[in-house]
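These are the residues of each chain, in order.
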Amino acid sequence: NADIAMYRAKNKGKDNFQFYASEMNTHTVERLAFEARLRKALERREFVVYYQPKVSVETGLIVGAEALVRWNHPERGLLYPNDFIMLAEEAGLIPRLGMLVLDVACRDVLNFRQLDSRFGRIAINLSGSQFNDHQLLDEVRSVIDFWRVPANAIEFEITESMVMHNREQAIILMDGFKEAGFTLSIDDFGTGYSSLAYLKRFPVDSVKVDRSFIKDIPHNPNDTAIVLAIVAMAHTLGLKVIAEGVDAPTQLSTLREFQCDEYQGFFFSKAISAKEFASLLQKQVMVERV
Ligand code: C2E
Ligand code: MG
Ligand code: MG
Ligand code: MG
C-alpha cells in the first residue's frame, strides 16, 4: 500500500511525493505514539470494567453480567473498545488487558454474589490471541485462586471464528476450561461461518445470538425464523440461548414466546459501572422483600 502510494506520488511530481511520504510518517508516528500511550494506560490502570446485566427472559431478574472494558482517558474521556481494541491487538497488549479485566471481575463478582446470592457469573470476552495461548488456562486459574473466586463464577465468551480456525485444537482448549469448572459461550453467534451442526461438538454451555438478528424481530420474517431456529436447535443440544442487543419490548415478547433463556440490551440497561451495577442488584433484592 505504501509502495503504491509512493509510486503514484512520484509520477505526479516531487511535491506530491513529499506530501504522501510525510502523511505516511505521520500515520506511523501517530500509531506508535498511541501504542506507547496504551502501554502507559495499562501501567496506570486507566482501564475500567463496566457491566451489562444478563437478564432472565422468564423472571426479568438479573442473573449475570458481561464485563465490557472502557478506557478512562484523562484527556479524551471514556473510550469504547472500538476505539482501541484493534490497536491493542496489533501491539500485542490484549493478553495484559485481558488479565486486568479478569482481575477486576474477580474482585467484583464476590461483591455481586454477596449482594444477591442468586447472582450467577461474570462473562469475559476473549480475543483470538488469548484463546490460542496454551498458558491462558493456568494464568486464569492463578488469578481466580488469588481472589478465592470459584470457577463457576466466571464465564468466557469466544467467537465462532476463534473456534473454527483450528477446530480440533479449540476443542482441546475448551475441554480444559470446562474441566476446570468455567462456563463457555459462543459470542456473536450466527455471524461467523460455523454451522448449527458444529455446536454439538463444541463443549459450550450457551450461544449468544448476535444483535444483527435481534434488531428487526418480529417485523423481519427471515430474522424471526432464524432466531426461532437457533433457539430450537440449541435447546435440543442442551444449550442455553442469550439474545444480544435487545432494545425494544416487542423484541423481548418475541423472545419470550420463543422461550429464549436470557437477554442483554439497552431495553434493560447498557453497560454500567460496578457501583451502579451493585445498586441495581440491591434494588432487585429490596423489591422482592416488599
Ligand atoms: P460484544 O462482546 O458483542 O459486546 C456487546 C456490545 O454490544 C457492547 O459494546 C455493548 O455495549 C453493545 N450493546 C449491548 N446492548 C446493546 C443494545 O441494545 N444496542 C446496541 N446498539 N448495542 C448494545 P462495547 O462495550 O462497545 O464492546 C464492543 C466489543 O468489544 C465487544 O463486543 C467485545 O467483542 C469487545 N470487548 C469488550 N470488552 C472486551 C475485553 O475485555 N476484552 C476483549 N478481548 N474484547 C472486549
Ligand atoms: Mg461478548
Ligand atoms: Mg456479543
Ligand atoms: Mg455482537
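What counts, and where the lines are drawn
Residues numbered from 1 in each chain as written. Chains lettered and ligands numbered in written order. Predicted model: local features only at pLDDT ≥ 70, side-chain atom pairs only at ≥ 80, totals over all residues. Heavy atoms only, no water. Helix = DSSP H or I, 4+ residues; strand = E, 2+ residues; numbered from the N terminus. Buried < 20%, exposed > 50% of the residue type's maximum accessible area, 1.4 Å probe, protein only. Contact = heavy atoms within 4.5 Å. Areas by Shrake-Rupley, 256 points an atom, 1.4 Å probe, with all protein chains shown as cover. Near = heavy atom within 4 Å. Polar contact = N/O pair within 3.5 Å; in protein donor to acceptor, adjacent residues only side chain to side chain. Nonpolar A, V, L, I, M, F, W, Y, C, P; charged D, E, K, R; others polar. Donors = N, O, S within 2.8 Å, 3.2 Å for Na, K, Ca; no water. Axes fitted to C-alpha atoms, helices over the stretch in contact; angles between N-to-C directions. Parallel < 35°, antiparallel > 145°, perpendicular 65-115°, else oblique. Left-handed = near helix turned anticlockwise from the far one by under 90°.

An unreviewed UniProt entry lists the protein chain under the name EAL domain-containing protein, from Undibacterium jejuense.

Enquirer: Honestly, the overall build of the protein chain in this entry has me stumped. Any pointers?
Expert: Counting its regular elements, the protein chain contains 13 helices and 9 strands. Its C-alpha atoms give the protein chain principal-axis dimensions of about 75 × 45 × 40 Å. Looking at the 290 residues of the protein chain, the share that counts as buried comes to 47%. Within the protein chain, counting contacts between residues at least 6 apart in sequence, those at least 24 apart form 66% of the total. Of the roughly 15400 Å² of accessible surface on the protein chain, 52% is carried by carbon and sulfur atoms.

Enquirer: Which parts of the structure should I look at to understand the environment of Val104?
Expert: Tracing the backbone through its elements, the reader meets Val104 in helix α4 (residues 94-115). The class for Val104 is buried, based on a relative accessible area of 9%. For Val104, the contacting residues outside a window of four places in its chain are Arg45, Val49 and Tyr51.

Enquirer: Hey, could you run me through the site of ligand 1 in this one?
Expert: Taken together, 21 residues surround ligand 1, and among them Arg70, Asn125, Ser127, Asp187 and Phe266 come closest. Interatomic distance of 2.9 Å between a side-chain N/O atom of Asp187 and an oxygen atom of ligand 1. Notes on ligand 1: free accessible area 810 Å², of which the protein chains cover 81%. Elements supplying a minimum of two residues to the shell around ligand 1: β2 (62-73), α3 (81-90) and β6 (183-189). Of the residues that constitute the shell around ligand 1, the class distribution is 7 nonpolar, 6 polar and 8 charged.

Enquirer: It is not clear to me how the coordination of the magnesium ion (ligand 2) should be interpreted in this structure. Could you clarify?
Expert: Ideal geometry at a metal centre: 109.5 degrees between donors when four sit tetrahedrally, and 90 or 180 degrees when six sit octahedrally. Taken together, the protein ligands of the magnesium ion (ligand 2) are Glu66 (OE), Asn125 (OD1), Glu157 (OE) and Asp187 (OD), with distances of 2.0 to 2.2 Å. Look at where the donors of the magnesium ion (ligand 2) fall in the sequence and you get E-x58-N-x31-E-x29-D. Metal-to-metal, the separation of the magnesium ion (ligand 2) and the magnesium ion (ligand 3) is 3.5 Å; Asp187 coordinates the two. Of this pair, Glu66 sits in strand β2 while Glu157 sits in strand β5 (residues 154-159), and the two are 91 residues apart along the sequence.

Enquirer: Which parts of the structure should I look at to understand the environment of Val140?
Expert: Topologically, Val140 is positioned in helix α6 (residues 136-147). Each C-alpha atom of the pair Val140 and Ala151 lies 9.6 Å from the other, and the pair is 11 residues apart in sequence. If we ignore the near neighbours within four places in the chain, the residues touching Val140 are Met99, Leu102, Phe156 and Phe182.

Enquirer: Got a minute to help me understand the packing of α4 against helix α13 (residues 274-289) in this structure?
Expert: For any two helices packed against each other, the geometry is given by the interaxial angle and the distance between the axes. Contact pair α4 / α13: the axes reach a minimum separation of 9 Å and the direction vectors enclose 15°. Considering their axes alone, α4 and α13 lie roughly parallel with respect to each other. The hand of the α4/α13 crossing is right-handed. Between α4 and α13, the residues in contact are Asp108, Asn111, Phe112 and Leu115 and Ala274, Phe277, Ala278, Leu281, Gln282 and Val285, respectively. For the contact of α4 with α13, a count of residues per class yields 7 nonpolar, 2 polar and 1 charged.

Enquirer: Mind showing me how you'd approach the environment of Glu157 here?
Expert: Residue class for Glu157 comes out buried when judged on its relative accessible area of 1%. In this structure, the C-alpha to C-alpha distance between Glu157 and Leu184, residues 27 residues apart in sequence, is 6.1 Å. One polar contact links Glu157 to Lys208, side chain to side chain, over a distance of 2.7 Å.

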